[in-house]
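Overview (structure and organization)
One letter stands for each residue in the lines below.
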Amino acid sequence: MRTGEFFAPTLRQVSGDVEMASHRLLLRGGFMRQLAAGIYCLLPLGWRVVHNIEEIVREEMDAAGAQELFLPTLHPVELWEKTGRTESWGPELMRIRDRNDRAFCLGGTHEEVITQLVASGVRSYRELPFTLYQIQVKFRDEIRPRGGMVRAREFGMKDAYSFDRDLAGLDRSYDAMVEGYHRIMQRIGLPYHVADSSGEGIGGWDTREFVSLSEAGETAYVRCEGCDYHATPEVGEISTSEIVPSDDPMQPLERVETPDQRTIEQVTAFLGVPAQRLVKTLIYKADGRVVAALVRGDRDLSEDKLKAALGADELVMGDPATIERVSGAPVGFAGPVGIKEAEIVADEELRGERNFVTGGNEADLHLRNVNWGRDFPEPRWAQIRNAEPGDPCAKCGKPLTEYHGIELGHVFKLGTKYSDPLEARYLDEDGERKPIIMGCYGFGTTRVMAAVAEYFRDDAGIIWPRSVAPFDAIVITISQDDEVQRTLAERVYAELRAAGLDVLLEDRDERPGVKFKDADLIGVPGQIVVGRLAGEGKVEVRRRGGESTTVDADEAVAALQKLMADNVPAGFRPPE
RNA sequence: CGGGGCGUAGCGCAGCUUGGCAGCGCGCCUGCCUUGGGCGCAGGAGGUCGCCGGUUCGAAUCCGGCCGCCCCGACCA
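1. A closer look at a negative patch on the surface
On the surface, Glu87, Asp287, Asp313 and Glu314 cluster together into a negatively charged patch. Tracing the chain through its elements places Asp287 in the loop between strand 14 (279-286) and strand 15 (289-296).

Right under this line is the structure:
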């Protein structure tokens, strides 16, 4: 391909509004253009990168035994109603209507469609197990898209679904997918971690995320340096062995007027008490019954952990009416003392706390020197708070640290969450009809492009790993007017292509600086410069972000292949 | 959804406070010059100032409404 006819409009400047480095570089390099908030055109360069990522994913999915298919983007809304996800997804589900006013949505994921499909095609245990996948566009009406392809409303994703007879089969299918994901990440070359996480909008257990490290990443994770345990804060396990009962004497219970002081910040400021001396009371409904969850004022409640502790299928925040009913006070003053109707679940950490401040279950009232066992019955204890940096690791006791990352892959065991409501069943050898056991496995292909650009870059532009690079190499003439250079460049270009490389020939009549800047910006791994040494038959061979050498034109192909033997330039360090 | 900011030439921006010829840089076109890191000189094209309405002799500028985009925050009692 010749640059003169290749559609890759690079930009010298992009709006100051665009903050994330990968976003800026992908726009500047002509990989993508925005059409609307969170919606992007992939230009030839960007599409080549995504295509390369897709090919790696496709090969590894096939190698793991999965079969590719292609499902519709338009889904009848009734199908989503059957699984209750029109409710749980709410406005994130993109909805449209057809000419007959029939309600459809644009697929944000495909559990419903594929489960219904499989339900209609599987009769017997003899037909199981199998795993299906597709590489498709997904639509999610995100509250706030950001970072270009990091969080878009329309994005590319590979989604796979496994169908098994039983849990043991699911474990095998799941392990095969996890293994495939490791191979995909290794082939792409992006450093990554695997973190325990929660089911979010999909639902399930043994959920893990494949995460690319990035300070610009929008998701926080905790990690144990001691045993390399990684998790999202919502599920990260904290050791409780350090909790010791306080031997502070219990002080007499005190009522304090706190007019209009509802939030933790307000109450700490008003009473002059640090947040860790407060206990906040959060009212939830778990499968319909009311629960009061207690955590220390400076902690975050983990709905995932609370849900697990209660063994609940559904957990939602209490609505204001419920809160007022059980607490007898407007929202903002709930507390455990004298609360009605609600089961009290307290974070284990509170075992070690005495004389804390809670809401008073009366308007404008808080209580000081509250103690469990005396002022309210000993609650049910469970770990229901988010892990934070500094918390001891549950596995080895070392303090957890925090980092940010970009979630690229997410694997779940679903069980019968979708096969039950959609009646995807098979007849087992004992003659019994049983629900198919499912797993699902997502991988964000367009997001990977952004994550790679975020990690592999320098001040001049992107430094693509060979595995996903839009081209293998670019041949640049210093002076396009110089016939010797032009001829030699054409020869090297032809030889590189004959060697099976995907090559750009920079044949524009631009000044050298412009060509170099553009070549660095788009980040093609191999650069061959045909310049003043062309008369001697010599060219310069460079690795973007790496080493360079001057060789005889005859040796250019071999020299380039040697410089590009590694997927990523040796000694590469990410910025910052 | 709450808060903040922005919308002016293909791109990046100034002008708006104090109403009076629509500007700058880059890019683009033509010519000359130049050719190892976003050259130089000369000439030129290119605008419904986001949209609708109002005030005014006169609106990019003031007022109202709408649309779009960006950033921050969001069940924490």
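2. Remarks on the sheet that holds strand 27 (residues 473-477)
One open sheet holds the five strands; their spatial order is 28-27-29-30-31, and the pairing between them is mixed. Edge positions in the sheet fall to strand 28 (503-506) and strand 31 (548-552), since each has one partner strand and no second. Ignoring which end each strand starts from, the neighbouring axes of this sheet average 20 degrees apart. Sheet topology places strand 27 next to strand 29 (residues 526-530); five bridges connect them, and they run parallel. Bridging across to strand 29, Thr477 finds its partner in Val530. Where helix 13 (residues 556-563) meets the sheet, it contacts strand 27, strand 29, strand 30 (538-543) and strand 31, and its direction lies at approximately 15 degrees from that of strand 30.

3. Looking at the protein's contact with RNA strand B
Among the 44 residues in the neighbourhood of RNA strand B, the closest are listed as Arg262, Ile264, Met317, Gly332 and Asp520. Each atom of RNA strand B within 4 Å of the protein was classed as base or backbone; sugar and phosphate made up 51%. At 2.2 Å from a phosphate oxygen of RNA strand B is found a main-chain nitrogen or oxygen belonging to Ile264. Here Asp481 contributes a side-chain N or O atom positioned 2.4 Å from a base oxygen of RNA strand B. Counting only elements with at least two residues in the surface near RNA strand B, the list comes to strand 1 (32-36), strand 14, helix 12 (512-522) and strand 30. It is helix 12 that contributes the most residues to the surface near RNA strand B, seven residues altogether. For the surface near RNA strand B, the residue count by class is 18 nonpolar, ten polar and 16 charged.

4. Some details on the pattern of salt bridges
Any two side chains of opposite charge can pair, so long as their charged atoms come close to each other. One pass over the full model with this rule turns up 46 salt bridges. Arg374 is paired through a salt bridge with Asp375; the nearest N and O atoms lie 2.9 Å apart. Through salt bridges that share partners, Arg277, Arg296, Asp298, Arg299, Asp347, Glu349, Glu353, Arg385, Glu388 and Asp391 make up one connected network.

5. Side note on the sheet that holds strand 14
On the basis of which strands lie adjacent, the open sheet formed by five strands has the order 16-14-15-17-20 and mixed pairing. Looking at which strands have only one partner, the edges of the open sheet turn out to be strand 16 (315-317) and strand 20 (380-382). The sheet shows a mean angle of 35 degrees between the axes of neighbouring strands, direction not considered. Sheet topology note: the strand 17 (residues 343-347)/strand 20 ladder contains three bridges and is parallel. Bridged to Val345 within strand 20 is Arg380.

6. Focus on the domain arrangement of chain A
For interface size, the figure often reported is the accessible area lost on association. Each domain of chain A was delimited in the assignment, giving domain 1 (31-237 + 402-454), domain 2 (254-382) and domain 3 (462-563). Centre-to-centre, using C-alpha coordinates, domain 1 lies 39 Å away from domain 3. Listed as interface residues are twelve residues of domain 1 and, on the opposing side, ten residues of domain 3. When the buried area of domain 1 at its contact with domain 3 is split by residue, Phe31, Leu45 and Arg48 rank highest and sum to 42% of it. Here domain 1 and domain 3 share one salt bridge between them.

Rules used throughout
- Residues numbered from 1 in each chain as written.
- Chains lettered and ligands numbered in written order.
- Predicted model: local features only at pLDDT ≥ 70, side-chain atom pairs only at ≥ 80, totals over all residues.
- Heavy atoms only, no water.
- Patch = residues over 30% accessible without salt bridge, like charges linked within 9 Å, V, L, I, M, F, W, Y side chains within 5 Å.
- Areas by Shrake-Rupley, 256 points an atom, 1.4 Å probe, with all protein chains shown as cover.
- Salt bridge = Lys/Arg side-chain N within 4 Å of Asp/Glu carboxyl O.
- Lys, Arg positive; Asp, Glu negative; His and termini not counted.
- Charge placed at Lys NZ, Arg CZ, Asp CG, Glu CD.
- Helix = DSSP H or I, 4+ residues; strand = E, 2+ residues; numbered from the N terminus.
- Pairing = 2+ DSSP bridges.
- Axes fitted to C-alpha atoms, helices over the stretch in contact; angles between N-to-C directions.
- Contact = heavy atoms within 4.5 Å.
- Near = heavy atom within 4 Å.
- Polar contact = N/O pair within 3.5 Å; in protein donor to acceptor, adjacent residues only side chain to side chain.
- Nonpolar A, V, L, I, M, F, W, Y, C, P; charged D, E, K, R; others polar.
- Domains from an automatic or database assignment.
- Buried area = accessible area lost by both parts, 1.4 Å probe.

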